[in-house]
Amino acid sequence: MSEARANILARLRAAPRLQPPERPQWQAPGFNDRLDRFRVMIEAVHGEVHLVSADTWRAHLRKVLAEKNVARVLAAPHLGLDWDDMVAYDAPVEDFKDQLVSGIDAAVTTTRGAIAETGSLVVVPDMDEPRLASLLPPIHVALLNAGDIADNLAQIMEKQGWAAAMPTNLLLISGPSKTADIEQTLAYGVHGPKELIVLVLQ
Amino acid sequence: MTSDFSTRAHDALNNPQLRANFRRAMDGLMTKRAAQFEDKDNWHALRARGAAIKARALARLPDLLEEFEQKAIANGINVHWAETTADANRIVLEILTAHGAKKVIKGKSMVSEEMHLNAHLEAHGIKAVESDLGEYIIQLAGEAPSHIVMPCIHKNKGEIAQLFTDNIENQPYTEDVDALTAAARQVLRREFASADAGLSGANFLVAETGSLVLIENEGNGRLSTTLPPLHIAVAGIEKLVEKLDDVAPLLALLPRSATGQAITTYVNMISSPRKAGEKDGPRQVHLVLLDNGRSRVYADEQLRDTLRCIRCGACMNHCPVYSRVGGHTYGSVYPGPIGKILTPQLAGLDCAGDLPHASTLCNACVEVCPVQIPIADILVRLRTEAAEPSTSPAVKGAGSGHSAVESAVWKGWQAMYAHPAAYKVGTKALSVVGNLIPAAAPLLKQWTSVRSKPKFAAKTLHELAREKGYDHE
Amino acid sequence: MPAHVTPPARMPKNVYYFGTCLVDLFFPDAGLAGMELLKRQGIRVVFPQGQSCCGQPAFNSGHRSEAREVARAQLDAFPEDWPIVVPSGSCAGMMRVHYPDLFKGDRDEERAKAFAGRVYELSWFLVHVLGLDTKLVDKGEKVTVTWHGSCHSMREMGVVDEPKRLIRALSNVTLVENPREKECCGFGGTFAVRQPEVSAAMVADKIAAIGQTGASRVVSGDCGCLMNIGGALDKAGKPTRPQHLAEFLLERCHDQ
Ligand code: SF4
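Once a new chain begins, its residue numbering starts again from 1 and follows that chain's sequence as written. Each chain is given a letter, starting from A, and each ligand a number, starting from 1, according to the order in which they appear as written. Residue-level local features of this predicted model are given only where pLDDT is at least 70; pairs of side-chain atoms are given and counted only at 80 or more, and the full residue set underlies all totals for whole chains, interfaces and linings. Computation of side-chain values covers all heavy atoms of the structure but excludes hydrogens and water.

Trainee: Sorry, what's going on with the arrangement of the chains here?
Mentor: Contacts are assigned to residue pairs that have any heavy atoms within 4.5 Å of one another. A comparison of contact numbers over the 2 pairs of chains in contact places chains A and B at the top. Without any contact between them, chain A and chain C keep their closest C-alpha atoms 16 Å apart.

Put into structure tokens, the structure is as follows:
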């Protein structure tokens, strides 16, 4: 191993050893109505929430996409979406880059759950729904099962056993891309999606 | 890095636009943060937890670094160690060269600023493009960040509009923020698509899982770490936390302290490069762990607390000095209260010895620091280290602020104030002749530039207490 | 973190008074007023003649050993186990919060710790030990004042509301809080001469905020701030008068 590594570790080991303090008690908040809290929080940061039933969401989504004048949609085939101009992210990004960067109007992805406290979606990209799907197109539609909303981050981490098997990439997404770098004025869609639409499946 | 705080402060104070920009921005940030922590009990419990998590990770730092490295390597991440910024720059350059990279797209990273990485890469023919909107703007302006969270906070719309018109093809002058943002999006999309590598920092490194945690609002951090075929992250060795679970309270502290947001738009946890069958993500992920003096600071029990910092910027947002002089006055990468303690420790008191004195010790920073860094105590400690030659190996440039005159003055002060008889004579003398000292006398001159001369009372409290018959024992 | 201060176990018969060096030379009337307030509550107030300065100026300038010797002289001057009441949050903070650290490893470490535990900021003592906020009877004319909280009083001694409780207890006094009440006035001891321009900008903003309240007086519990703010008000020709809380309370409630 490198000399730098050995030197750094040696210096750290030569320093006084302090007793690691215990973690004092702290409880992240819980909510009686998690869906309500989730909705309030994500809407506050410009997210759009639609409550739909598990069997009508596709029809509802068609309506929403049509209203937003969406042409090309990126979605995994297993979602069973019916849309004329639909593509799947089924090739490596190297072969798909141009289309992804500027040729798609909206992408639909699933989620692994959500966090009520902060209004965050938990998104774990996989082979069918790669990482850039929720990032490059100007509209991101996320499907969320109402039953998968946890109170807070600590709770969902624990419940879903994240630490035991971290995926390549795990994301918390709370609203569309935004910036306030110019005079603290909010602007959306600076790099990622300008709109985030959450379909909550009840 | 030489530091002349006073001279730069003079310029900043005489720039009304700059002062207005900072004042407005800091007022807004303070209000937003306060709204996040209205429940005081919860805030106290949360920050105690946050402080303990960082203190705990530091107490176990060498072990955690090894644990992290082992996990990260098992996940397929390449881990590199750099003792100095020069080492780190060399490592980054080597990786890029090995991949034939000509252009790097960058997410926001203060460590890369600390390394002055962009200049190093440019010197070797590699273009580094900042993609965080604020960083992009100051890169166009050829400036350094003036705030660790909001790098271009010193600029107003007009200045930014002009920069865009001057630098972006066919960009008409507009002060419309949406239009400016859209213009940057367009330019930077092209840069992302054609970049050979992405570079980022990291907010937390999780030993338990070998993961990098990055937070941001714009999505440029995600793009930098996902779209190009190669991702290089640079991070200080103090970024370690023990458990993934530790990230939860720290995330409940960081964005709320920084910008008053409940959470940032994106929390991006990266644990490996692209795996077989996955369609995107970099094929290689490298992490460069930077020391640059941190292990020296670590050697001192008190100064070690400096390394708890999670770079939220709340200390500068609440600093009455920072909000008046702005970030560039500090003449270093890290401004504000954290800069005042960190810079002199990393660079040495011989290089930045005036920074610990650029404070009234008002403790506004201490009150809001989410990991309870005793910033004021460390400032006083550094003043002491500068004034007296020290034996602590943790402080570079100790004793460099020693002044024979000043030491003699304090010795004289002690002679009078530590001895009741001398004190009695001394104060009597001052109450008789003190008012004869001219306003233009040294030290008094600075005071009286905007204030009247203080008046010595005819009788001291000692005398009045005796006259009024107060017991003295 | 502000010190965790609790009242003495029993109502004290005797208290020590630590006047502070600044009060001694520049604001003795304010110091005396604090003693009078305590005395009129039936407490014996002892003012040791051997006292001088808490040591903060040297401590904050990085001259620890000089600070320690001056601090030691205070340990000597206040031998009995009585509360030590201080009409300054800053000096109280130095003694309560920093003495234990200053004497760490020193032969007087234990003595310094015990001393630190006896230190009280005046307004805190008046409210929490003597309950003065429920006893004040205002005899003065109608007046509008604003409050300036000193940084160390608030952030080292945890004294935030106590002074305002006392002021609000006065029926003829209107307290107008200024929006920058908790912001540092820019004094900072040697900071005012080491960074004169930044300090000047800070005190300019401070007196502007005070001016906006329309108050005829700015009351504070720290003479360092008062010297700075008062000096700036005077130099700028502003009508607002600076006054120490103790002097203000005494003036309102007692025929002098
Ligand atoms: S010192 Fe504390 S307040 Fe300042 S940036 Fe670091 S964590 Fe935030």
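From this point, the narrative continues.
Trainee: Hey, could you run me through the environment of L188 of chain B in this one?
Mentor: With respect to the helices and strands, the residue L188 of chain B is situated in helix 10 (residues 177–194). Sequence-distant contacts of L188 of chain B, defined by excluding residues within four places in its chain, comprise H191 of chain A together with V129, E130, S131 and Y136 of chain B. Here a helix means four or more residues in a row that DSSP labels H or I, a strand means two or more in a row labelled E, and each is numbered from the N terminus.

Trainee: Looking at this structure, how should I read the interface of chain C and chain B?
Mentor: Many authors give the size of an interface as the accessible area that is lost as the parts come together. Listed as interface residues are 72 residues of chain C and, on the opposing side, 67 residues of chain B. Put simply, buried area is how much 1.4 Å-probe accessible surface two parts lose in total, over both of them, once they are put together. Contact between chain C and chain B buries roughly 6,200 Å² in total, counting both sides, with carbon and sulfur atoms accounting for 60%. Considering only the side of chain C, the residues that lose the most area to chain B are L25, Q49 and R155 of chain C, jointly responsible for 11% of the buried surface there. In what follows, salt bridge is the name for a side-chain nitrogen of Lys or Arg lying within 4 Å of a carboxyl oxygen of Asp or Glu. The tally of links between chain C and chain B comes to 9 salt bridges.

Trainee: Explain the domain arrangement of chain C to me, please; I cannot follow it from the model alone.
Mentor: All names here are of chain C. Domain boundaries shown here were taken from an automatic or database domain assignment. The domain boundaries assigned to chain C delineate domain 1 (14–128) and domain 2 (133–253). On a C-alpha basis, the centroid separation for the pair domain 1 and domain 2 is 22 Å. Across the contact, 32 residues belong to domain 1 and 23 residues belong to domain 2. Three residues stand out in domain 1 for area buried against domain 2, namely F27, L37 and V127, and they jointly supply 20% of the buried area on that side. Inspection of the domain 1/domain 2 interface yields 0 salt bridges. For the side of domain 1 that touches domain 2, the elements supplying multiple residues, two or more each, are helix 1 (21–26), helix 2 (28–39), helix 3 (56–61), helix 5 (89–102), strand 4 (119–121) and helix 7 (122–128). Residues are grouped as follows: Ala, Val, Leu, Ile, Met, Phe, Trp, Tyr, Cys and Pro are nonpolar; Asp, Glu, Lys and Arg are charged; every other residue, Gly included, is polar. The class makeup of the residues in the side of domain 1 that touches domain 2 is 16 nonpolar, 11 polar and 5 charged.

Trainee: Could you clarify how one ought to interpret the site of the ligand in this entry?
Mentor: Taken together, C309, I310, R311, C312, G313, C315, I338, C369, P370, V371, I373 and I375 of chain B make up all the residues around the ligand. Here the shell around the ligand is built from residues that sort into 10 nonpolar, 1 polar and 1 charged. When at least one non-hydrogen atom of a residue lies within 4 Å of a molecule or strand, that residue is treated as near it.

Trainee: Looking at this structure, I do not really get the interface of chain B and chain A. What am I missing?
Mentor: Counting residues at the interface gives 96 residues for chain B and 73 residues for chain A. Interface area, chain B with chain A, both sides summed: about 7,500 Å², of which 58% is carbon and sulfur. The tally of links between chain B and chain A comes to 12 salt bridges. R274 of chain B is the partner of E94 of chain A in a salt bridge, and the nearest nitrogen-oxygen pair spans 2.8 Å. Polar contacts, as counted here, are pairs of nitrogen or oxygen atoms within 3.5 Å of one another; within protein the pair requires one atom able to donate a hydrogen and one able to accept it, and residues that are adjacent in sequence qualify only if both atoms are side-chain atoms. Across the chain B-chain A interface, the total number found is 46 residue pairs in polar contact (both at pLDDT 80 or more). Of all the elements, helix 3 (residues 40–59) of chain B adds the most residues to the side of chain B that touches chain A, at 10 residues. In terms of residue class, the side of chain B that touches chain A is made up of 45 nonpolar, 21 polar and 30 charged. Where strand 9 (residues 169–173) of chain A lies against strand 9 (residues 266–270) of chain B, 5 bridges are found, and the strand directions are antiparallel. Bridging across to strand 9 of chain B, L172 of chain A finds its partner in V267 of chain B. Pairing between two strands is assigned when DSSP locates at least 2 bridges connecting them.

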